[in-house]
Amino acid sequence: MDDERDACPSRPVPDGHAAQSDRPPTGPRGPARSGDRVTGSVLILLAVAALVHLFSLDVSELNDDPGPHIVPGLAAAGLGMSGLAMVVRPGPSGVSRAGTQRHLTAGFLAVVVGYVGLLGVVGYYIATPAFIITAFWLFSTRTERVVLPAVITAALVTVAVGLIFNAGLGVVLPEGVF
Amino acid sequence: MDALLSVLTVDALTAVAVGSAIGLVIGAVPGLTAMMGLALLLPLTFGMTPGAAIALLLGCYIGGIAGGLVSSTLLGMPGTPSSIATTFDAYPMARKGQPTRALGIGVTASLFGGILGFIGLITLAPLVANVALRLGPFEYFSITALALTLVAVLSSDNMPKGLAAGFLGLLGGSIGFAPIDATERFTFGWEHLWGGIAILPLVIGLFAISEMLRVTMDEGRAIPTVDVRYRGVGLGLKLADLTRSWWNIVRSSTIGIVIGVLPGMGGAAANLVAYARAKQASPEPDTFGKGAPDGIWAPESSNSASSGGALVPMMTLGIPGDGVTAVLLGGLIIHGIQPGPLLYTDNPDIVSTIFVYFAIAVVIVFALQTAGMRIFPLVLRVPRRYLFPILVAFMAVGAYAGSYQIADTWLMVFLGIVGYVLVRAGLPLSPLLLGYILSPIVETYFRRAVMTSEGDYAPFVTRPASAIFLLAAVTVIGCAVWSRKRAVRSLPSNTASRIG
């Protein structure tokens, strides 16, 4: 579905370069302001929840120790105030506008989640090739979806990463529950 | 000389070379940063000696900063935030048919900047460490608060968001058993969180998984179409190019060192400031932006020099100057090395090791860049269908390898999603990581300080050094508020009223 769009490469911009990008600028209007308000509200809720948790702790009294709730409590208070500032005065920079590849991103995330789930169940040597073939397929356009390169890549990567961690670093790879 | 010989092992030199090569490749790919490279390499260091681990990570650090040159020159896109200004003149020079010369100037500038950064590091670090030894818990708390404030305020154009990210990091770092009295916090009965969130899934999730999600969402499957053929022999520049710009190199490197030392600034700011100063000082400022050699010498020498400067606060105070050095600090902590003022007295061999590997990494990165000028540009063409599955497999096993628990791999994915949401909401990730790393340090110093003063909080503001650091933190926030108000005032009245 995204194949047509893929034919026109966009200009990738590294993290932190939003100002340099050719993405549509986000101004103080509409989504940017409401986005800031939503984010600020969530942060306030988080801060309140953290404060409630901290002040419900059973604290052992050491000599003159301010206790384990003070520093995180100050951080939670600061978080709440920052959130409040975002709600009251949403900033001109606002939220950055997301790209259009929602299906691809959701698919990628699903494949990653599936991989991690499989790692714990069937182990590294079954989960990894299955993941790589699926992800290879997902990131290929229709004309690039050829079985042989996917299988060869999966086999090579599985063996290479396995060798690096297992033989090279002595890491015992996930074996699954079987 | 003894220190030099004792650390020059084949394993360590190989580690520097491998780390540098990986850093160069990752730095060259737009969207992949030095921070992500370090996150990927952290699991690989588990089986290594601390010396080899430092070598690998330092190589990746230096290589990652230098690697941004390739995409800046050939694509006009900064490979890393440290090479934003490089695009201004390197890309026009390449478009004029001189890509070899543009790359050659950048590579040479990185070498000289790196050497001067190394000189800055070995000169400044002992001085700062000497002063740091005289500071007590009050001063340490205050200086840590200042560093966190600087990073939070400077890493975002929206101060509340920067501060919120820093506070989130502080809260995240307080998960698990508290320092001093081991009170259980924010674990909600999950034993896996008793020791806190492990640094490996945190770093990989926040900086690698979230970045892959962002790149996938914004760019999809596409990679840039670019002619990456390399034409020419050697570095493509003459000795006269170097001698003509020697003062620009020295000035830009000095700017890089000074900015690198300040928490929150780093290479991203250094290259822009050095570029602006070079343009200001140039007799031909009109040539800037059209392929002026000085417009490449300045940013590339300053971003390399800033790497040396950024290591000064990390080594002497245990306070990373930016996100990349925060990851580097995490890597050292994993190997039982706690940077700070005591590092100089307790582990002088580690200090020598860092100095020596830094210098070696600078030279190796230069050699690799020179030798690989035909190869590294090809990295820009690696399709995502190969790159992303390989990276994810590597990261999943890496997160697992830290604890042998799949729960850490789940945590990595979860934090990746959190990181993506935060980036979309405009919250910078560097203060979050810095807050997470500094959280136990801040808390320990704070509680120890109050206990030593028998419950009196006044010394935080009555002890001169502590008061100065706290005042500086308040001033930073005050300046940010003032400049924001001024920016709002300068907007048209109807826009200003909407912002408030």
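Since the model is a prediction, treat every value here as computed from it, not as a measurement. All chains use their own residue numbering, which begins from 1 and follows the written sequence. A letter from A marks each chain and a number from 1 marks each ligand, given out in the order of writing. Two thresholds apply to this predicted model, a pLDDT of at least 70 for residue-level local features and 80 or more for giving and counting side-chain atom pairs, whereas whole-chain, interface and lining totals are computed over all residues.

A. Here's a closer look at the overall build of chain A. Numbering of helices and strands runs from the N terminus; a helix is a DSSP stretch of H or I covering at least four residues, while a strand is a stretch of E covering at least two. Looking only at helices and strands, one finds six helices and zero strands in chain A. Its helices and strands taken in sequence order, chain A reads α-α-α-α-α-α from the N to the C terminus. Comment: burial labels come from other C-beta atoms within 10 Å of the residue's own C-beta, placed from the backbone, where a count of 20 or more is buried, 12 or fewer is exposed, and between is partly exposed. Each of the 178 residues in chain A was classed as buried or not, and the buried ones make up 37%. Considering only contacts in chain A between residues 6 or more positions apart, those separated by 24 or more positions represent 69%. Whether two residues are in contact is decided by their C-beta atoms, placed from the backbone, lying within 7 Å.

B. Representation of the overall build of chain B in the model. A tally of helices and strands in chain B yields 22 helices and two strands. When burial is assessed residue by residue, chain B has 65% of its 500 residues classed as buried. Expressed as a percentage of contacts within chain B between residues at least 6 apart in sequence, the contacts between residues at least 24 apart total 79%.

C. Structural view of the packing of helix α11 (residues 246-261) of chain B against helix α13 (residues 294-317) of chain B. Residue and element names in this part refer to chain B. The contact between α11 and α13 brings their axes to 6 Å, and the two run at 35°. Seen along the crossing, α11 lies across α13 with a hand that is right-handed. Residues are grouped as follows: nonpolar covers Ala, Val, Leu, Ile, Met, Phe, Trp, Tyr, Cys and Pro; charged covers Asp, Glu, Lys and Arg; every other residue, Gly included, is treated as polar. When its residues are assigned to classes, the contact of α11 with α13 shows 12 nonpolar, 13 polar and one charged. Axis definition: a line fitted to C-alpha atoms, limited for helices to the stretch in contact. Angles are taken between N-to-C directions and run from 0 to 180 degrees. Crossing handedness follows the turn of the near helix against the far one: under a right angle anticlockwise gives a left-handed crossing, and clockwise gives a right-handed one.

D. Molecular detail of helix α16 (residues 348-371) of chain B. Between the first and last residue of a helix there are one fewer steps than residues, each counted as 1.5 Å, and that sum is the expected span. Its 24 residues place the ends of α16 of chain B 34 Å apart at the C-alpha level, agreeing with the 34 Å of an ideal helix rising 1.5 Å per residue. Most of α16 of chain B is tucked away: 17 of the 24 residues are buried.

E. Summary view of the environment of H69 of chain A. Looking at the element boundaries, H69 of chain A is found in the loop between α2 (30-54) and α3 (70-88). H69 of chain A sits 71 residues away from S140 of chain A along the chain, and the two C-alpha atoms are 51 Å apart.

F. Structural context of helix α6 (residues 147-168) of chain A. Here α6 of chain A spans 30 Å end to end across 22 residues, near enough to the 32 Å set by a 1.5 Å rise per residue. Looking at α6 of chain A, one finds that the buried residues are A150, A154, V157, T158, V161 and F165 of chain A. Check the buried side of α6 of chain A and you find it contacts α5 (124-138) of chain A together with α17 (384-401) of chain B. The positive-phi residue at the C-terminal boundary of α6 of chain A is G170 of chain A, with phi of around 75°.

G. Expanded view of the confidence of the model for chain B. One confidence number per residue, pLDDT, is output by the predictor and ranges from 0 to 100. For chain B, per-residue confidence averages 82 on the pLDDT scale, and 89% of positions sit at 70 or higher. At the level of chain-chain contacts, confidence expressed as ipTM amounts to 0.80, with global pTM at 0.75.

H. Representation of the packing of helix α4 (residues 102-122) of chain A against α5 of chain A within the structure. All names here are of chain A. The geometry of α4 relative to α5 is characterised by a closest axis approach of 8 Å and an angle of 170° between their N-to-C directions. Taken together, α4 and α5 sit at an angle that is classed as roughly antiparallel. Where α4 approaches α5, its residues G107, F108, V111, Y115, L118, L119 and V122 are matched on the opposing element by Y124, I126, A127, A130, F131, T134, A135 and L138. Looking at the contact of α4 with α5 residue by residue, the class counts come to 13 nonpolar, two polar and no charged. Relative orientations are named as follows: roughly parallel for angles under 35 degrees, roughly antiparallel for angles over 145 degrees, roughly perpendicular for angles from 65 to 115 degrees, and oblique for any other angle.

I. Up close: unusual backbone geometry. Residues and elements named next belong to chain B. The backbone phi angle of F188 is positive, close to 50°, even though this residue is not glycine. Looking at where F188 falls in the secondary structure, it is placed in the loop between β2 (184-185) and α9 (199-219). Judged by local crowding, F188 falls into the exposed class, with 9 C-beta atoms found within 10 Å. Even without being a glycine, E454 presents a positive backbone phi close to 55°.

J. Main features of the nonpolar core. In this usage, the nonpolar core is the set of buried Ala, Val, Leu, Ile, Met, Phe, Trp, Tyr and Cys residues whose C-beta atoms join them within 7 Å. Counting residues in each nonpolar core, the largest one holds 207 residues, and the members touching the most others are L38, A39, L58, F358 and M395 of chain B. Not counting residues up to four positions away in its chain, the partners in contact with L58 of chain B are V16, G19, I354, Y357, F358 and A361 of chain B.

K. Inspection of the confidence of the model for chain A at higher detail. Taken over all residues, the pLDDT of chain A has a mean of 78, while the share at 70 or more is 74%. With pLDDT under 50 throughout, residues 1-29 of chain A is counted as low confidence; its partners more than four residues away or in other chains account for 68 contacts.

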